[in-house]
Amino acid sequence: MHYSNVKFGIFTDLHLDIMHDGRIRLDTFIEQMKKEDVDFIIQLGDFCYPEDTSKCLCSEKNMPINLKNAMRVPADVPKIELLEKFNKFFKPHYHVLGNHEFDFCSKEQAMKLYGMDKRYYSFICKGWKFLVLDGNNFKTKTGELKDYYYGDYFDSEDLPYIDSEQMEWIEKELLESDIPIIIFSHQPLNEGPRGIKNADELSNLFIKANRSGKKVRLCINGHTHVDRLECDKGVYYYTLNSMSNHWIGTKFAKHRFSDEIEEAFPNLQYTFPYKSPLYAIVELNSKGAYIKGKSGEFIKPSPLDMGCDEDLSASVQDREILW
């Protein structure tokens, strides 16, 4: 099959329930994608809490502060209206399921809100195949893989995983395809502290496919709120920075906004928020991928101002990836 140049807009980790200005960030992205006339748009998860935040099955001792605050002070944000804005984009639009979608609901509930028929799926655009994966599974003490469900995954230390049913589907999708392949996920698909635990198994599928003449080119994920590019065994792994912030937790808690905003969005204090919304425009052709990022800065005080020595960025770098 012939494949042509394709251009898409992408963002991740909007976190509508944490950010007071999520509407502005999403509006900025949508308007820019209209101007760019992209072929499709996709968000890589952690868009919002799909249901109300009254029920969570995580134990009290393992419940993180962001869930406690979400239960104590539910965010008053027009989620349905903002989802409709995304879903009514004039070109095709796609969702990836992130882990925080399941802090207060099931996969079925999240999929219903987002309008998703399947938790993992594929689509073709201009002769390119795109796979959308679901890494939101944890391993029980008996070795069983289970869906994230109402925050229960916070009681597990053995996560995340791609389940066996999905692995079989991925292998079939890769081996039957004669066109180049791009893969989207929320969690990183390569080895790392927050990547999927069975990354080796997935990597072996990529190797098998590429040795048989297939073309697994690039994996794109969110989740870690950093801007990073790695290459392993001929496959590129690109982590897209959050649209909104870097979550830092209680150690560097800081009020940056008015009392009214801080009271309505109590988890803001545990982030290093970005001044501008971050996203990327990715162009693919036979030679490579070209990522048009967005430079930005932290809302003061910055991580450096507060003595945080982590290598953090409030930007998405421009990148050129050659096959």
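So, here is what we can say about the structure in this document.

So, how was this worked out
- Residues numbered from 1 in each chain as written.
- Predicted model: local features only at pLDDT ≥ 70, side-chain atom pairs only at ≥ 80, totals over all residues.
- Heavy atoms only, no water.
- Pairing = 2+ DSSP bridges.
- Helix = DSSP H or I, 4+ residues; strand = E, 2+ residues; numbered from the N terminus.
- Axes fitted to C-alpha atoms, helices over the stretch in contact; angles between N-to-C directions.
- Contact = heavy atoms within 4.5 Å.
- Phe/Tyr/Trp six-rings, centres within 6.5 Å; stacked < 30°, edge-to-face > 60°.
- Buried < 20%, exposed > 50% of the residue type's maximum accessible area, 1.4 Å probe, protein only.
- Lys NZ or Arg CZ within 6 Å of the ring centre and 35° of its normal.
- Disulfide = S-S within 2.5 Å.

Topic: the sheet that holds strand β4 (residues 121–125)
If you trace the 6 strands from one edge of the open sheet to the other, you get β4-β5-β8-β9-β11-β10, paired in mixed fashion. Because the sheet does not close on itself, it has two edges, and the strands there are β4 and β10 (228–232). Pairs of neighbouring strands in the sheet enclose a mean axial angle of 20°, with direction left out of account. The pairing of strand β9 (residues 216–221) with strand β11 (residues 235–239) spans 4 bridges and is classified as parallel. From the neighbouring strand, I220 faces β11, where its bridge partner is Y238. Against the sheet, helix α5 (residues 164–175) makes contact with β4, β5 (128–132), β8 (181–184) and β9, and its axis sits at roughly 175° relative to β5, the strand it touches most. Of the strands in this sheet, β8, β9, β10 and β11 touch helix α6 (residues 199–211), which is tilted by about 155° from β9.

Some words on the packing of aromatic side chains
What characterises a pair of aromatic rings is the spacing of the ring centres plus the angle enclosed by the ring planes. Enumeration according to the criterion identifies 28 aromatic pairs in this entry. With a centroid separation of 5.5 Å and an interplanar angle of 70°, the aromatic rings of F29 and Y279 are classed as edge-to-face. Taken as a pair, F29 in helix α1 (residues 22–36) and Y279 in the loop between β13 (271–273) and β14 (280–284) lie far apart in primary sequence, 250 residues in all. Note on accessibility: F29 and Y279 belong to one class, buried. Taking 5.6 Å as the distance between ring centres and 65° as the angle between the ring planes, the aromatic pair formed by Y274 and F298 counts as edge-to-face. Residue Y274 is found in the loop between β13 and β14, and its partner F298 is found in the loop between β15 (288–292) and β16 (319–322); the two are separated by 24 residues along the sequence. For Y274, a relative accessible area of 0% puts it in the buried group. Since its relative accessible area comes to 12%, F298 is described here as buried. Among the aromatic side chains, those forming a connected cluster through ring pairs are F8, F40, Y94, Y121, F123, F130 and F184. Sitting over the face of the ring of Y150, K55 holds its NZ or CZ atom 4.4 Å from the ring centroid.

Quick notes on the environment of S286
Structurally, S286 is set in the loop between β14 and β15. Note on S286: relative accessible area 51%, which makes it exposed. Along the sequence, S286 and Y3 sit 283 residues apart, while their C-alpha atoms lie 8.1 Å from each other. Excluding residues that lie within four positions of it along the chain, S286 makes contacts with Y3 and W323.

Considering the state of the cysteines
The tally for this structure, following the rule as stated, stands at 0 disulfides. The thiol of C219 is not disulfide-bonded; the next cysteine sulfur, from C231, is found 10 Å away. Look at C219 and you get buried, because its relative accessible area is 2%.

Quick look at the sheet that holds strand β2 (residues 40–43)
Read across the sheet, 6 strands follow the order β3-β2-β1-β14-β15-β16 without closing on themselves; strand pairing throughout is mixed. Each edge of the sheet is formed by a strand with only one pairing partner; in this case those strands are β3 (93–95) and β16. For this sheet the average axis-to-axis angle between neighbouring strands, irrespective of direction, equals 20°. Pairing of β14 with β15, which is carried by 4 bridges, proceeds in the antiparallel orientation. By the bridge assignment, E283 is partnered in β15 with Y290.

Scope: geometric values only; no functional claims are made or implied.
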